[in-house]
Amino acid sequence: MADEPAALSAREVLLHRLTCMQPALRHRFRATIPADAQAAMRETMEEVTASQLEALMLLHQAGSAVSMHQLAEAQAITPSSATQLVDRLVRMGLVERLREDEDRRLVRVQLSEAARQRFEEMMRLHLRSLAVITEQLSDGDLQTLVDLLARLAQPASAEFLA
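The model shown is predicted, which means the values in this text are computed figures rather than measured ones. (Residues numbered from 1 in each chain as written. Predicted model: local features only at pLDDT ≥ 70, side-chain atom pairs only at ≥ 80, totals over all residues. Heavy atoms only, no water.)

**Q** How should I be thinking about the sheet that holds strand E3 (residues 107–111) in this particular structure?
**A** The pairing of strands in a sheet comes from backbone hydrogen bonds and takes either a parallel or an antiparallel form. With respect to topology, three strands assemble into an open sheet ordered E1-E3-E2, the strand pairing being antiparallel. Among the strands making up the open sheet, the edge pair consists of strand E1 (66–67) and strand E2 (95–99). Note that E2 and E3 share five bridges and pair antiparallel. In the sheet register, Arg-97 faces E3, and the bridge partner there is Val-109. The strands touched by helix H3 (residues 50–62) within the sheet are E1, E2 and E3, with E3 carrying the most contacts at an inclination of about 90°. (Pairing = 2+ DSSP bridges. Helix = DSSP H or I, 4+ residues; strand = E, 2+ residues; numbered from the N terminus. Contact = heavy atoms within 4.5 Å. Axes fitted to C-alpha atoms, helices over the stretch in contact; angles between N-to-C directions.)

Given below as structure tokens:
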């Protein structure tokens, strides 16, 4: 008799369900964005990696220039990795480096104006998609969802956004 696989715990079943929901959620997001807007987003962000997109989101949320140290810390990467990431974003015209007059060693980065405009348009589309997807939730359910997701996200970005 072959050993039968162990039964999944209730938590493992929930985690499996969560994993299976991810593609459906991505599909629902995409379905709420008009085709022309999807094409513009692909054109704008075609060469942007997930790490670069995360950096752009962090810079957008910050609203002003941040130090390379802050960016590296927020992404949990080394300063040299942050430098390489920013080098690529500068070459793509998405971020700008700023040097302090008092201390030229201190380098801050911010979104370029063109990137800020494109990113804000993407955020408008994203927020519209979220509104469509969550319209079936009560305000209380939406608050619970946001609170739970914030708990999961907190360790990665709490200090940067504070």
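**Q** Looking at this model, I keep getting lost on a nonpolar patch on the surface. Mind explaining?
**A** A cluster of nonpolar residues, Leu-137, Leu-142, Leu-145, Val-146, Leu-149 and Leu-152, forms a patch on the protein surface that exposes about 510 Å² of accessible area. Tracing the sequence through the fold places Val-146 in helix H7 (residues 139–161). The class for Val-146 is partly exposed, based on a relative accessible area of 45%. (Patch = residues over 30% accessible without salt bridge, like charges linked within 9 Å, V, L, I, M, F, W, Y side chains within 5 Å. Areas by Shrake-Rupley, 256 points an atom, 1.4 Å probe, with all protein chains shown as cover. Salt bridge = Lys/Arg side-chain N within 4 Å of Asp/Glu carboxyl O. Buried < 20%, exposed > 50% of the residue type's maximum accessible area, 1.4 Å probe, protein only.)

**Q** How do you make sense of helix H6 (residues 113–134) when you look at a structure like this?
**A** Each turn of an α-helix holds 3.6 residues, which means side chains three or four residues apart point in the same direction. Helix length check: H6 (22 residues) gives 31 Å between terminal C-alpha atoms against 32 Å at 1.5 Å per residue, within 8%. If you check which residues of H6 are buried, you get Ala-115, Arg-116, Phe-119, Met-122, Leu-125, Ser-129, Ile-133 and Thr-134. (Expected span 1.5 Å × (residues − 1).)

**Q** I'm lost on the side chain of Thr-32 in this one. Help?
**A** Relative to the elements of secondary structure, Thr-32 occurs in helix H1 (residues 10–32). Setting aside its immediate chain neighbours within four residues, Thr-32 contacts Arg-128, Ser-129, Val-132 and Ile-133.

**Q** Please clarify how the pattern of salt bridges should be interpreted in this entry.
**A** Two side chains with opposite charge may pair up if their charged atoms get near one another. Under the counting rule described, the total for this entry stands at two salt bridges. Where Glu-121 meets Arg-124, a salt bridge forms, and the shortest distance between an N and an O atom there is 2.8 Å. Here Glu-121 pairs with Arg-124, and both are found in helix H6, just three residues apart, close to one helical turn. With relative accessibility at 37%, the residue Glu-121 sits in the partly exposed group.

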